[in-house]
Amino acid sequence: MSMNENLEENGAPAIERQAMEADIACVGFGPAMGGFLTTLNRAWMANPADSAFESKVASGMPLQVLCYERADDIAAGVSGVVTAARSIRASFPDLNPADIPMAAPVKSERILYLLDPVGVSRRPWLVRMGDRVLRRFSAMLGVRDDAFLLPWTPQFLHKGGGLVMSIGQFNQWVAAQIMASGLVQIWPAMPVNEPLFAENAERNGEKIVGVRLTDQGVDKHGAPEAGFVAGMDVCASLTVVGDGPFGPVGQAIDRHVGMPSGHDKREWAMGMKFVIELPESTTLETGTVWHTFGYPEPEIFGFLYVHPERLASVGIFVPSWLGDPARTVYRYLQHYIQHPALWRHLKDGTLRSWGAKSLDESGQRGEPFLVGDGYARIGEGSGSTNMLAGSGVDEAWATGVQLGEAVIELLRTSRSFTQENLAATYEARRRASWVERNARDAKNARNGFHHGFVSGIVGMGLAGVTGGRLSLAATIPPAHKQIEQRKIRSIKELKGREAAMLAMEDGRPLHDALMSARGWPEIDFDGKLLVSHQDALLMGGKVQAMPGFADHVVFRDAGLCIHCDNKTCISMCSGQALTLGSEGIPVFEREKCVHCGGCLWNCARPGADGKTNIEFRAGAGGFHSAEN
Amino acid sequence: MPNQFQIVVCAGIVPDPLQTLEPVTGPKGPGLKNEMMLPVVLDPWAASALYEAASLVAKNPGSKVWLVSLGPKAKLQQVMMTIAQKASFELVAIDAPVGGFADAHATAAALADAIAAIPGLETAKLLLFGGWESAARGAGVTMQMIGERLGITDQFMGVDQIEMRGDGSFEVLERVEGGKHQVSVCAGAPAVLGWATGNLPEPRNNPQIGMANMRTVMPALQKARPATLADNGLQYVSASLPSQQRQTRVVKDMAPDAIAQELIEWIGAE
């Protein structure tokens with residue numbers, strides 16, 4: 001251990017920081033890191049005496065591998081998921097889903113097109129025409145409960161042989177096995193603030209030599225208070241970055257080294273779901289998987305996965321290309337579960353938990369530089385998610401395994417973690433794998449949605465059927481330009497908008513006011529499954545916000561917020577952590593933030609540098625629920 | 001000259017109280033729904049004891065803390081990932097399928113045996129710390145019984161503060177009715193102290209402490225002795241949680257007085 005005396009960038013007095021050395025520093029614990037650490041750990045366990053695994057920083061000890069996770073528990077993941085699980089099964093050939101709580105084999109898959117039973121959904125005329133045809137010939141076409149069951153599931157969407165899971169429970173199961181060997185230490189509740197760049201690296205300071213942990217004992221602005229502890233520097237010859245699509249380390253690297261030509265993270269979606277205990281009389285079998293589209297808005301895709309013990313994950317994805325500043329998700333989700341096709345099964349159920357997360361839907365177009373001197377990137381933040389198949393966990397796990405195999409090869413051949421060596425081992429494995437092939441096929445699959453819903457479905461079908469050879473062309477605007485100011489077309493709408501503004505002044509949540517003003521029916525709360533947003537935040541898990549950390553959501557220029565008419569960051573905020581303050585500046589409450597990352601891509605006012613006016617920095621805590 | 005203490009902290013693990021806890025009755029008696037799926041935390045009462053122990057060690061160089069914990073090994077490992085960052089200790093793990101309904105006599109016996117087997121432990125320096133109560137199902141007697149089994153008769157419960165003196169004696173503040181404290185002076189170790197909440201904040205996570213602790217925690221978990229807790233004929237007739245379900249109802253155009261009256265009637269009915 002040593003002390004670093006770092007000059008602060010703003011000229012403030014230098015803070016003495018402790019530093020310690022490790023061999024491998026890992027950022028974030030999700031499926032990708034699970035794959036990496038499982039692979040590395042197994043290789044070491046096969047022969048703990050293997051000199052390749054001897055630490056370079058602790059003589060006579062095995063590799064010092066440290067993994068830091070922001071959430072206060074590694075079971076606090078926020079996603080119910082269906083995955084083909086081919087890479088997971090490859091790592092665990094004898095996998096018994098019953099060993100993982102909430103996991104079950106996929107038993108049946110179906111795709112439903114949902115009609116609008118309420119009559120408020122913003123449907124283009126072509127969709128309205130199609131809806132009329134479906135309703136008129138409903139008996140002949142088998143339309144039931146305002147839903148049309150597609151006669152087949154396209155091959156590219158199939159998850160046959162896969163699993164429905166809770167990512168939180170899966171992470172916990174994986175971590176318990178990794179930790180048991182003693183090689184790897186996984187530390188929750190310890191956010192990483194930033195990567196450490198080498199000061200005199202040959203390649204213009206692009207070498208990463210470790211990570212800096214977040215300062216503790218500071219006020220909301222980051223100023224030291226009583227009990228201040230400067231974030232420690234963890235120096236390592238390899239930093240593995242798996243902190244997701246909006247993790248602070250990944251963001252910092254992107255800022256520092258840029259993105260490959262033509263690459264950018266421009267497409268996003270907010271995934272929000274309920275975990276519902278189904279009524280005892282349910283006829284839904286464990287392993288049932290539904291994919292839906294068409295409602296509550298045509299662009300909003302939905303899902304229902306049935307776990308063991310009568311639990312179901314039911315949720316929606318609200319995409320960045322939903323051209324509307326009122327992109328509220330919670331209210332949409334409440335309308336979604338009340339669609340007759342779902343409500344038939346969910347009515348009389350009980351809400352057990354709730355969760356939300358931003359997904360990087362840029363796919364391969366959002367892929368950063370995968371390797372550099374001293375670092376490698378894996379998982380969703382590395383652009384591995386396949387947006388044609390709607391699959392991310394399997395791909396993320398695979399990228400982690402590929403890096404694990406690459407690191408083992410480099411250790412055994414005594415080669416260092418340079419950009420060239422990592423490219424020749426990790427990147428080469430990835431480029432030659434199914435992850436790369438599928439990502440390439442899916443690259444343009446969703447282009448059509450930037451022209452509208454119908455062209456989006458057509459484009460996706462084209463890409464899916466032709467394996468990506470045919471797709472629609474589109475220029476993808478930056479996320480903030482996808483937030484369109486909706487034109488007010490009638491006096492009725494104008495009055496509705498005025499009513500919404502009045503409701504906001506009265507303290508009512510913005511999203512509720514906007515949805516009601518648009519004509520969506522009020523939610524008839526039952527206190528059991530249909531509950532207010534704040535009640536949902538207190539069900540089945542709570543937001544954790546350990547004191548002593550700075551705010552991780554920061555508005556760079558308050559002046560831009562004052563002049564922003566949309567305030568989409570507020571209406572999109574999954575935890576109601578952003579509210580309208582005086583003078584029109586949003587107010588952030590860390591104690592309510594679920595770390596969904598939605599505000600980052602829902603800011604309509606970029607600064608002069610073209611970057612969003614909201615910074616999403618390193619922060620501890622977030623939503624804590626065992627069933628997510 | 002500072003005293004050198006050997007502090008043994010008995011710390012149970014409990015289901016994370018932030019989760020949905022639903023009592024169920026299974027073939028083995030009462031428990032919680034999906035109990036193995038629920039994340040666990042160090043019992044908050046015992047956690048106070050651990051932080052007090054760490055503070056005492058910091059003020060008395062040469063002192064040492066052992067953390068003795070009984071629970072399923074996988075769950076103990078999960079808790080250690082968080083706790084081991086906060087205070088230095090040596091773990092003594094006992095692998096047992098324990099929940100909030102284990103018999104306190106059997107639990108105390110298993111813990112006392114584990115403590116007695118700690119190599120190099122000197123009774124004359126021993127301070128036995130633990131929680132006065134438990135977030136799981138506070139029988140409130142386990143610490144006293146461990147003390148009895150180890151032959152320690154100076155016992156203090158509901159402790160909020162101790163102040164060490166140079167001669168090895170210490171002053172203890174125990175909670176009593178009326179929001180007051182009873183002040184006692186103990187001649188010195190050995191003693192049992194069942195902590196209330198203490199006065200210390202939860203320590204910051206310190207990666208360096210975590211890394212050092214983990215080098216001993218993982219081996220301790222690997223060699224955790226399995227233990228079977230006898231039920232000693234204990235039977236539970238029923239178990240229930242206080243009703244916590246919100247009964248949300250939206251009313252419009254209702255006079256405040258009428259709302260107040262309805263609330264009064266509702267509270268009365270509850």
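Everything numeric here is computed off the predicted structure, so don't read it as measured data.

Rules used in this analysis
- Residues numbered from 1 in each chain as written.
- Chains lettered and ligands numbered in written order.
- Predicted model: local features only at pLDDT ≥ 70, side-chain atom pairs only at ≥ 80, totals over all residues.
- Helix = DSSP H or I, 4+ residues; strand = E, 2+ residues; numbered from the N terminus.
- Buried ≥ 20, exposed ≤ 12 C-beta atoms within 10 Å, placed from the backbone.
- Contact = placed C-beta atoms within 7 Å.
- Rg over C-alpha atoms; globule rule 2.2 N^0.38 Å.
- Nonpolar A, V, L, I, M, F, W, Y, C, P; charged D, E, K, R; others polar.
- Arc of directions from axis to C-beta.
- Domains from an automatic or database assignment.
- Pairing = 2+ DSSP bridges.
- Axes fitted to C-alpha atoms, helices over the stretch in contact; angles between N-to-C directions.
- Core = buried A, V, L, I, M, F, W, Y, C linked by C-beta atoms within 7 Å.
- pLDDT = per-residue confidence, 0-100.
- Expected span 1.5 Å × (residues − 1).
- Parallel < 35°, antiparallel > 145°, perpendicular 65-115°, else oblique.
- Left-handed = near helix turned anticlockwise from the far one by under 90°.

I would appreciate a short explanation of the overall build of chain B in the present structure.
Summing up its helical and strand segments, chain B has 6 helices and 13 strands in all. The buried share among the 270 residues of chain B stands at 43%. Residue pairs in contact within chain B that sit at least 24 positions apart in sequence constitute 78% of those at least 6 positions apart.

I keep staring at the overall build of chain A and nothing clicks. Help me out?
For chain A, the count of helices and strands is 18 helices and 29 strands. Scaling as 2.2 N^0.38, a compact globule of 628 residues should have a C-alpha radius of gyration of about 25 Å, and chain A matches this with 24 Å. By its C-alpha atoms, chain A is 75 × 55 × 45 Å across when sized along the principal axes. Among the 628 residues that make up chain A, the fraction classed as buried is 57%. The long-range fraction of contacts in chain A, counting pairs at least 24 apart against all pairs at least 6 apart in sequence, stands at 74%.

Can you help me understand the environment of Ser108 of chain A in this one?
Within the fold, Ser108 of chain A resides in strand β7 (residues 108-114). It is 27 Å that separates the C-alpha atoms of Ser108 of chain A and Asp360 of chain A, two residues lying 252 residues apart in sequence.

I tried to follow the interface of chain A and chain B on my own but got confused; where do I start?
A common way to state how big an interface is: give the accessible area lost once the parts meet. Across the contact, 35 residues belong to chain A and 24 residues belong to chain B. Of the residues in the side of chain A that touches chain B, the class split is 18 nonpolar, 13 polar and 4 charged.

Teacher, can you tell me more about helix α4 (residues 142-149) of chain B here?
Since one α-helical turn is 3.6 residues long, residues separated by three or four positions face the same way. Residue and element names in this part refer to chain B. Residues of α4 that are buried: Thr142, Met143, Ile146 and Gly147. Angularly, the buried residues of α4 cover 135 degrees about the axis, an arc narrow enough to put them on a single face. Structurally, α4 contributes buried residues whose contacts are with β1 (6-10), α3 (104-116), β8 (126-131), β9 (155-164) and β12 (191-195).

Can you walk me through the domain arrangement of chain A in this structure?
Per the domain assignment, the segments making up chain A are domain 1 (20-80 + 168-264 + 365-440), domain 2 (104-165 + 265-363), domain 3 (444-476) and domain 4 (491-624). Between the C-alpha centres of domain 1 of chain A and domain 3 of chain A the distance comes to 33 Å.

How do you make sense of the sheet that holds strand β10 (residues 184-187) of chain A when you look at a structure like this?
Where strands meet in a sheet, backbone hydrogen bonds hold them as pairs that are either parallel or antiparallel. Residues and elements named next belong to chain A. Spatially, 6 strands are ordered β10-β4-β3-β16-β23-β22 in an open sheet, and the strand pairing comes out mixed. Where the open sheet ends on each side, the last strands, each with one partner, are β10 and β22 (371-372). Pairing of strand β16 (residues 238-241) with strand β23 (residues 375-377) involves 3 bridges; the strand directions are parallel. Directly across from Val240, in β23, lies its bridge partner Ala376. Seen against the sheet, helix α1 (residues 31-46) touches β3 (24-27), β4 (65-68), β10 and β16 and runs at an angle of roughly 165 degrees to β4.

Please clarify how the nonpolar core should be interpreted in this entry.
The tendency in soluble globular proteins is for nonpolar side chains to be buried as a group. In terms of nonpolar packing, the biggest core is built from 253 residues, with Cys67 and Val240 of chain A together with Val9 and Leu50 of chain B touching the most fellow members. Sequence-distant contacts of Val9 of chain B, that is, excluding residues within four places in its chain, are made with Ala46, Ala49, Leu50, Ala53, Val65, Leu67, Val68, Phe129 and Gly130 of chain B.

What is the right way to look at the confidence of the model for chain A in this model?
A low pLDDT score tells you not to read the predicted coordinates there in detail. For chain A, per-residue confidence averages 88 on the pLDDT scale, and 91% of positions sit at 70 or higher. Segment residues 1-7 of chain A: pLDDT under 50, and 18 contacts once partners within four positions in sequence are set aside and those in other chains are kept.

Sorry, what's going on with the sheet that holds β1 of chain B here?
All names here are of chain B. Here we have 9 strands laid out as an open sheet, ordered β11-β10-β9-β12-β8-β1-β6-β7-β13, and mixed in their pairing. Each edge of the open sheet carries a strand with a single partner, namely β11 (180-186) and β13 (225-226). Sheet topology note: the strand β7 (residues 90-95)/β13 ladder contains 2 bridges and is parallel. The partner of Asp95 across the bridge, within β13, is Pro226. Together, β1, β8, β9 and β12 form the strand contacts of α4, whose direction differs from that of β12 by roughly 170 degrees.

So what exactly am I meant to see when it comes to helix α1 (residues 44-59) of chain B here?
Residues and elements named next belong to chain B. Here α1 spans 23 Å end to end across 16 residues, near enough to the 22 Å set by a 1.5 Å rise per residue. Along α1, 12 of the 16 residues are buried, which leaves the element largely enclosed by surrounding structure. Those residues of α1 not exposed but buried are Trp45, Ala46, Ala47, Ser48, Ala49, Leu50, Tyr51, Glu52, Ala53, Ala54, Leu56 and Val57. Next to the buried residues of α1 lie β1, β5 (40-42), β6 (64-71), β8 and β12.

Honestly, the packing of α1 of chain A against helix α5 (residues 167-180) of chain A in this entry has me stumped. Any pointers?
Pairs of packed helices are described in terms of their axes, by the angle between the two and the distance that separates them. All names here are of chain A. Put simply, α1 and α5 touch, their axes get as near as 10 Å, and they point 20 degrees apart. Taken together, the axes of α1 and α5 are roughly parallel relative to one another. Once α1 is placed against α5, the crossing between them reads as left-handed. Residues Pro31, Gly34, Leu37, Thr38 and Asn41 of α1 touch α5, and the partners they reach there are Ile167, Asn171, Val174 and Ile178. Looking at side-chain class alone, the contact of α1 with α5 contains 5 nonpolar, 4 polar and no charged residues.

I'm lost on the environment of Ser69 of chain B in this one. Help?
Residue and element names in this part refer to chain B. Position of Ser69 relative to the elements: it lies in strand β6. Given 27 C-beta atoms within a 10 Å radius, Ser69 is considered buried. As a C-alpha pair, Ser69 and Ile152 span 83 residues in sequence and 20 Å in three-dimensional space. Contact partners of Ser69, with chain neighbours within four places excluded, come to Ala11, Gly12, Ile13, Leu76 and Ala93.

What should I look at first to understand unusual backbone geometry in this one?
Note on backbone geometry: most residues besides glycine have negative phi, and most peptide bonds are trans. Of note, the bond from Tyr295 of chain A into Pro296 of chain A is cis; its omega dihedral lies within 30 degrees of zero at 10 degrees. Of note, Pro296 of chain A is situated in the loop between β18 (288-293) and β19 (301-306). For the peptide bond that leads from Ala189 of chain B to Pro190 of chain B, omega is 5 degrees, which places it in the cis range. Positionally, Pro190 of chain B belongs in the loop between β11 and β12. A positive phi is found at Met102 of chain A, a non-glycine position, where the angle reads about 70 degrees. By secondary structure assignment, the location of Met102 of chain A is in the loop between α2 (86-91) and β6 (104-105). At Gln576 of chain A, a residue that is not glycine, the phi angle is positive and equals roughly 55 degrees.

Is there a simple way to think about the pairing of β10 of chain A in this case?
Successive side chains on a regular strand alternate, one facing one side of the sheet and the next facing the other. All names here are of chain A. Going residue by residue along β10, you find Val184 and Ile186 tucked away on one face and Gln185 and Trp187 tucked away on the opposite face as well. Sheet analysis places β4 next to β10, joined by 4 bridges and oriented parallel. Of the residues in β10, the one forming a bridge with Cys67 is Ile186.

Can you walk me through the packing of α3 of chain B against α4 of chain B in this structure?
All names here are of chain B. Between α3 and α4, the shortest axis-to-axis distance is 9 Å and the interhelical angle comes to 45 degrees. Taken together, the axes of α3 and α4 are oblique relative to one another. Crossing geometry of α3 relative to α4 is assigned as right-handed. Only Thr142, Met145, Ile146 and Arg149 of α4 make contact with α3, whose side of the interface consists of Ala104, His105, Thr107, Ala108, Ala109, Leu111 and Ala112. Looking at the contact of α3 with α4, its residues break down into 7 nonpolar, 3 polar and 1 charged.

Can you help me understand the confidence of the model for chain B in this one?
For chain B, per-residue confidence averages 86 on the pLDDT scale, and residues scoring 70 or more make up 94% of the total. Scored as a complex, the prediction yields pTM 0.88 and ipTM 0.74.

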